[in-house]
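# Structural overview
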Amino acid sequence: QVQLVESGGGLVQAGGSLRLSCAASGRTFSTYGMGWFRQAPGKEREFVAGISWSGGRTRYADPVKGRFTMSRDNAKNTVYLQMNSLKAEDAAVYYCAGSDSVIYATMSAFVTGRNAYRFWGPGTQVTVSS
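Quick look at the structure, then. Along each chain, residues carry numbers from 1 onward, in the same order as the chain's sequence is written. A pLDDT threshold of at least 70 governs which residues receive local features in this predicted model, and a stricter bar of 80 or more applies before side-chain atom pairs are shown or counted, although totals over entire chains, interfaces and linings include all residues. Processing note: side-chain calculations cover all non-hydrogen atoms of the structure and skip hydrogens and water entirely.

## Here we look at the overall build of the protein chain
- Of the regular secondary structure elements, the protein chain holds zero helices and 11 strands.
- Strands are runs of DSSP state E lasting at least 2 residues, helices are runs of H or I lasting at least 4, and numbering of each runs from the N terminus. For the protein chain, the N- to C-terminal ordering of α and β elements is β-β-β-β-β-β-β-β-β-β-β.
- When its C-alpha atoms are laid out on the principal axes, the protein chain stretches across 40 × 25 × 25 Å.
- Sorting the 130 residues of the protein chain into buried and exposed places 44% on the buried side. Throughout, exposure labels follow a simple rule: accessible area from a 1.4 Å probe, protein chains only, divided by the maximum for the residue type, with under 20% read as buried, over 50% as exposed, and the rest as partly exposed.

Okay, structure coming up:
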């Protein structure tokens, strides 16, 4: 079992930056693919970014490409989401998720689906003021 806890959310002005962190418990964290999702009020939860177990491969949703960067530190059991040039439409609750699927290593479209992930954090709120 893996338990995930996000932090780093808050209020930021449009154009600003935030870095989200997701701390994981469990000795098998380094074998899991990890993802970030977000959910705005009245909208479906959507994929934001994913990273392979080694950190060597990443995948991003089109709306955040070039602005967000996902990374991981397996020694600290933590993944990060650096968010730059934030826009009003980035405001949402951000969720960290973990996948133990062997398919995750392909970093295919599979990693963009919620069903790819077995473990979820409680979320952290990001608010962007214009």
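## Side note on the pattern of salt bridges
- Salt bridges are identified by distance alone: a Lys or Arg side-chain nitrogen within 4 Å of an Asp or Glu carboxyl oxygen. Going through the model one piece at a time under the given rule, you end up with five salt bridges.
- Ionic pairing is found between R67 and D90, a salt bridge with its closest N-O pair at 2.7 Å. Of the two residues, R67 sits in the loop between β6 (58–60) and β7 (68–73) while D90 sits in the loop between β8 (78–83) and β9 (92–99), which places them 23 residues apart along the sequence.
- For R67, a relative accessible area of 11% gives the class buried.
- Judged by relative accessible area, which is 1%, D90 ranks as buried.
- Here R118 ties to D100 by a salt bridge, and the two come within 2.3 Å at their closest N and O atoms. Here R118, found in the loop between β9 and β10 (119–120), pairs with D100, found in the loop between β9 and β10; they are 18 residues apart in sequence, far enough to count as distant.
- Its relative accessible area of 52% is what places R118 among the exposed residues.
- Here the salt bridges share partners, and the residues they tie into one network are R38, E46, R67 and D90.

## Quick notes on the side chain of S21
- Along the chain, the position of S21 falls in strand β3 (residues 18–24).
- Any two residues whose heavy atoms approach within 4.5 Å at even a single point are treated as in contact. Aside from chain neighbours lying at most four places away, what touches S21 is V5, E6, S7, W36, T78, V79 and Y80.

## Re the environment of R72
- Within the secondary structure, R72 is located in strand β7.
- Under the relative-accessibility criterion, R72 is labelled buried at 13%.
- When the C-alpha positions of R72 and M34 are compared, they lie 8.7 Å apart, and in sequence the two are 38 residues distant.
- Sequence-distant contacts of R72, that is, excluding residues within four places in its chain, are made with F29, S30, Y32, G33, M34, I51, S52, W53, S54, G55, T78 and V79.
- Polar contacts here mean pairs of N or O atoms no more than 3.5 Å apart (in protein, one a potential hydrogen donor and the other a potential acceptor; neighbouring residues in sequence count only if both atoms are side-chain atoms). A polar contact is formed between the side chain of R72 and the backbone oxygen of Y32, at a distance of 2.7 Å.

## Side note on the pairing of β8
- Counting buried positions along β8 gives five out of six residues, so the element sits mostly inside the fold.
- At least two bridges found by DSSP between two strands is the condition for calling them paired. Relative to β8, β3 runs antiparallel, the two being bridged by six bridges. Counted as the bridge partner of A23 is T78 from β8.
- As judged from the six bridges shared by β7 and β8, these two strands associate in the antiparallel manner. What sits directly across from D73, in β8, is T78.

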